[in-house]
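Results of the structural survey
What follows is each chain in one-letter form.
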Amino acid sequence: HHMKPTTVPRAMYNAAACEIGIRHGLRRLSNTVVAACSSALVALDLADLYIRSGKADLILVGGVDCPIFHAYFRVWDALTVLTRDFNDEPARASRPFTRNRSGMVLSEGCGFVVLESASHAEKRNARVYAEVLSSWQTNDAFDIIAPSMPSQVECMESAIASSGLGKNQISHIQAHGTSTRLNDITETKGIKEVFGAYAREIPVSSIKSMIGHTLGASGLLSLIAVLLGMEDNFVPPTINQDDPDPECDLDYVPNAAREQAVPTAMVNAFGFGGTNVSVVIRKA
C-alpha cells in the first residue's frame, strides 16, 4: 500500500501550529497541547502563564479539531457517548441538560484569540474584549472517561479564588455541557457545590447545543461566544431545552439568547482523561 511522503507532516499533532508559525513568521514559542476536550483552554492557561512570566508579550492561542471522518465516527460511536437521534432531527440532536438527551454530536471547527499583556495591548492600541483574571487546571486521576465531581469543584473553586472575585460576582457560566447523561448531571452538581444557593441565579449555558462538540477546539469556541456576548450584552442560550432533566435544575438560558450585561464569566472545559480547566474573565 503506497503511503504519501507528506503523511507524517500532515498528521503530526503540531502541524497546524507549525504551519501558522511559518506563514506568519512567528519565531518564539510554539506549543501544541493534547488534552482531549480541554486542549484549547489548557493552551490558553499556558499562554497566560507565559505572558505573566514575561516569556512573551503576545500569543496567538488556537483550538482546532477535525473528527469528521468515518473511522473516527466509528470509534466514538463504540464509546456509546454519541447520540443516535441525529438522522431524524439534526437540529435537535444536541440537547444538553434535557431529560431525553442521548449523547453528544461530533462537529469540527477552530477558534483563535490573541492573548497579550495589558501594556503591549495599550502600546499597539488593540481592541480589548476582556481580561483573563485567572485560569486553573485540575486532573481527576480517577477514570479515563467518567468525570469526577470533586476534581471539577476544585477546579472551579480555585479559578474563582485566584481571580480576586467573590463567587456571587460571576455573572455567567459557559458550561462544558456535552449532552451526555453523566457529564451534564456531574457538572450541574459541581456548580451547585461551588456556588450554593447562588447557583440558581447564574445563567449557565452550553453552545454545544447549537454547534455540537468540537472536542479539542470546544473550550476556546465557548470562550469566544462569551466574549461576543460580553461585547453585545447577551448570554448565549442552550437550545432544545424543552423538557428539563429534574437532576439538571439550574438556569440554562433555555432556547433563546438573553439580553443582559455580562461583566464577568467563567468558562469550563472538562475533558476525557480527566483534565479540567476553568477560566475566569472580566469585560474590558
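Here is what the cut-offs are and how they apply
Residues numbered from 1 in each chain as written. Predicted model: local features only at pLDDT ≥ 70, side-chain atom pairs only at ≥ 80, totals over all residues. Heavy atoms only, no water. Helix = DSSP H or I, 4+ residues; strand = E, 2+ residues; numbered from the N terminus. Rg over C-alpha atoms; globule rule 2.2 N^0.38 Å. Buried < 20%, exposed > 50% of the residue type's maximum accessible area, 1.4 Å probe, protein only. Core = buried A, V, L, I, M, F, W, Y, C linked by side-chain atoms within 4.5 Å. Contact = heavy atoms within 4.5 Å. Phe/Tyr/Trp six-rings, centres within 6.5 Å; stacked < 30°, edge-to-face > 60°. Pairing = 2+ DSSP bridges. Axes fitted to C-alpha atoms, helices over the stretch in contact; angles between N-to-C directions. 1 Å grid on protein atoms, 1.4 Å probe; cavity = no way out; pocket = protein on both sides within 12 Å on 5 of 7 lines; lining within 4 Å. Points joined across faces, edges and corners; volume = space filled by probe spheres on them. Nonpolar A, V, L, I, M, F, W, Y, C, P; charged D, E, K, R; others polar.

Looking only at helices and strands, the protein chain features nine helices and nine strands. Relative to its length of 284 residues, the protein chain is compact, with a C-alpha radius of gyration of 19 Å against a globular reference of 19 Å. Its C-alpha atoms put the protein chain at 55 × 50 × 35 Å along the principal axes. Across the 284 residues of the protein chain, 49% fall into the buried class.

All right, on to the nonpolar core then. By size, the foremost hydrophobic cluster in this structure holds 29 residues, and its most contacted members are Leu41, Leu44, Val61, Leu220, Leu223 and Ile281. Ranked by the residues each element gives to this core, the list is headed by helix 3 (residues 39-52), at eight residues. Filtering out sequence-adjacent residues up to four positions away, Leu223 remains in contact with Leu44, Val113, Val267 and Ile281. Ranked by size, the runner-up nonpolar core spans 24 residues in total, among them Phe97, Ala159, Ile173 and Val194.

Here we come to the packing of aromatic side chains. Counting across every chain of the model gives five aromatic pairs. Between Tyr72 and Trp76, the aromatic rings sit 6.4 Å apart at their centres with planes inclined by 55°, giving tilted as the arrangement. Of this pair, Tyr72 and Trp76 both sit in helix 4 (residues 70-78), separated by four residues, roughly a single helical turn. We classify Tyr72 as partly exposed; its relative accessible area is 28%. Trp76 gets classed as buried once you look at its relative accessible area, which sits at 8%. Here the aromatic rings of Phe97 and Tyr252 are separated by 4.0 Å at their centres, their planes lie at 10°, and the arrangement is stacked. Of the two residues, Phe97 is situated in the loop between helix 4 and strand 2 (109-116) and Tyr252 in the loop between strand 6 (234-235) and strand 7 (258-259); the sequence distance between them amounts to 155 residues. With respect to class, Phe97 is no different from Tyr252; both count as buried. Put simply, the rings of Phe69, Tyr72, Trp76 and Phe272 pair up and form one aromatic cluster.

The sheet built from five strands is open, its strands ordered 3-9-8-4-5 with mixed pairing. Whereas interior strands pair on both sides, the edge strands pair on one side only; in this sheet they are strand 3 (130-139) and strand 5 (204-205). Sheet analysis places strand 4 (residues 173-174) next to strand 8 (residues 264-270), joined by two bridges and oriented parallel. The residue bridging Ile173 from the neighbouring strand is Met266, located in strand 8. Contacting strand 3, strand 4, strand 8 and strand 9 (275-283), helix 9 (residues 218-232) crosses the sheet at an angle of about 165° to strand 8.

Moving on, we get to the environment of Thr275. The topology assignment puts Thr275 in strand 9. For the pair Thr275 and Ala256, spaced 19 residues apart in sequence, the C-alpha separation works out to 30 Å. Beyond its immediate sequence surroundings of up to four residues, Thr275 is in contact with Ala35, Ser38, Val42, Gln137, Thr138, Asn139, Ala269 and Phe270.

Estimated volume of the largest pocket: approximately 1,500 Å³. Around the largest pocket sit 48 residues that line it, and Tyr13, Ala17, Asn31, Thr32 and Val64 are the ones nearest its centre. Within the residue set of the lining of the largest pocket, elements represented by two or more residues are helix 1 (7-11), helix 2 (15-24), helix 3, strand 1 (58-65), helix 4 and strand 2. Ranked by the residues each element gives to the lining of the largest pocket, the list is headed by strand 1, at eight residues. A per-class count over the lining of the largest pocket returns 34 nonpolar, nine polar and five charged. Taken as a whole, the second largest pocket encloses approximately 690 Å³ of empty space. Looking at the lining of the second largest pocket, the elements with two or more residues in it are helix 3, strand 2, helix 5 (118-123), strand 3 and helix 9. When residues of the lining of the second largest pocket are assigned to their parent elements, the largest contribution, five residues, is made by strand 2.

Purely spatial values, then, with no claim about function.
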